[in-house]
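Read off the chains here:
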Amino acid sequence: MEMFVGRLDKIRVINPDPMLVRFTVALPNLNVNCVTATIDIANKLLMLPDNRYDCKVTGRFNKRNQLVLRQIEIINPDQMIKELGI
């Protein structure tokens, strides 16, 4: 399992059915492209604005060098995050 901590950015829907969401975790020296097909995580990610929250992500890399997300944690939650239950 790989773990990265960085800024959540470029959240996009790749495929609506089945749900597939991609996003980028921006670190100081590189960008990690991430994907998730987990409905709960995808729905919560789509409610978040780009380039506002820091997050910690864990997962494994696929053959396209994308991090397949297992878990995400918002590091700097605000009132909106607490109300959404992310």
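Residues numbered from 1 in each chain as written. Predicted model: local features only at pLDDT ≥ 70, side-chain atom pairs only at ≥ 80, totals over all residues. Heavy atoms only, no water.

Participant: Break down a nonpolar patch on the surface for me, with residues and values.
Facilitator: A cluster of nonpolar side chains, Met3, Val5 and Ile75, forms an exposed patch at the surface whose accessible area comes to about 260 Å². In this fold, Ile75 is placed in the loop between β5 (67-74) and α2 (79-84). On the basis of relative accessibility, which here comes to 44%, the residue Ile75 falls in the partly exposed class. (Patch = residues over 30% accessible without salt bridge, like charges linked within 9 Å, V, L, I, M, F, W, Y side chains within 5 Å. Areas by Shrake-Rupley, 256 points an atom, 1.4 Å probe, with all protein chains shown as cover. Salt bridge = Lys/Arg side-chain N within 4 Å of Asp/Glu carboxyl O. Helix = DSSP H or I, 4+ residues; strand = E, 2+ residues; numbered from the N terminus. Buried < 20%, exposed > 50% of the residue type's maximum accessible area, 1.4 Å probe, protein only.)

Participant: Explain the side chain of Thr24 to me, using residue names and the numbers behind them.
Facilitator: Looking at the element boundaries, Thr24 is found in strand β2 (residues 19-26). Within the structure, Thr24 has its side chain in polar contact with the side chain of Arg22 (distance 3.1 Å). Apart from the residues lying within four places of it in its own chain, the contact partners of Thr24 are Arg7, Leu8, Asp9, Lys10, Asn31, Val32 and Asn33. (Polar contact = N/O pair within 3.5 Å; in protein donor to acceptor, adjacent residues only side chain to side chain. Contact = heavy atoms within 4.5 Å.)

Participant: Just give me the short version of the sheet that holds strand β3 (residues 31-36), but keep the residues and values in it.
Facilitator: On the basis of which strands lie adjacent, the closed barrel formed by five strands has the order β1-β2-β3-β5-β4 and mixed pairing. Across the sheet, the mean angle from the axis of one strand to that of its neighbour is 45°, orientation sign disregarded. Pairing geometry for strand β4 (residues 54-61) and β5, over seven bridges, is antiparallel. The residue of β5 that forms the bridge with Phe61 is Leu67. Most of the contacts of helix α1 (residues 39-46) go to β2, to which it runs at about 60°, and overall it touches β1 (2-16), β2, β3 and β5. (Pairing = 2+ DSSP bridges. Axes fitted to C-alpha atoms, helices over the stretch in contact; angles between N-to-C directions.)

Participant: Explain the environment of Asn33 to me, using residue names and the numbers behind them.
Facilitator: Here Asn33 lies in strand β3. A relative accessible area of 34% means that Asn33 is categorised as partly exposed. As a C-alpha pair, Asn33 and Lys10 span 23 residues in sequence and 9.4 Å in three-dimensional space. Sequence-distant contacts of Asn33, that is, excluding residues within four places in its chain, are made with Arg22, Phe23, Thr24, Asn65, Gln66 and Leu67. One polar contact links Asn33 to Arg22, side chain to side chain, over a distance of 3.0 Å. At 3.4 Å, the side chain of Asn33 forms a polar contact with the side chain of Thr24.

Participant: How would you explain the packing of aromatic side chains if you had to name every residue and give the values?
Facilitator: This model, assessed by the stated rule, comprises one aromatic pair. Relative to Phe61, the ring of Phe4 has its centre 6.0 Å away and its plane inclined at 80°; by these criteria the two rings are edge-to-face. Of this pair, Phe4 sits in strand β1 while Phe61 sits in strand β4, and the two are 57 residues apart along the sequence. On the accessibility criterion, Phe4 (16% relative accessible area) is buried. (Phe/Tyr/Trp six-rings, centres within 6.5 Å; stacked < 30°, edge-to-face > 60°.)

The values are spatial; any link to function lies outside them.
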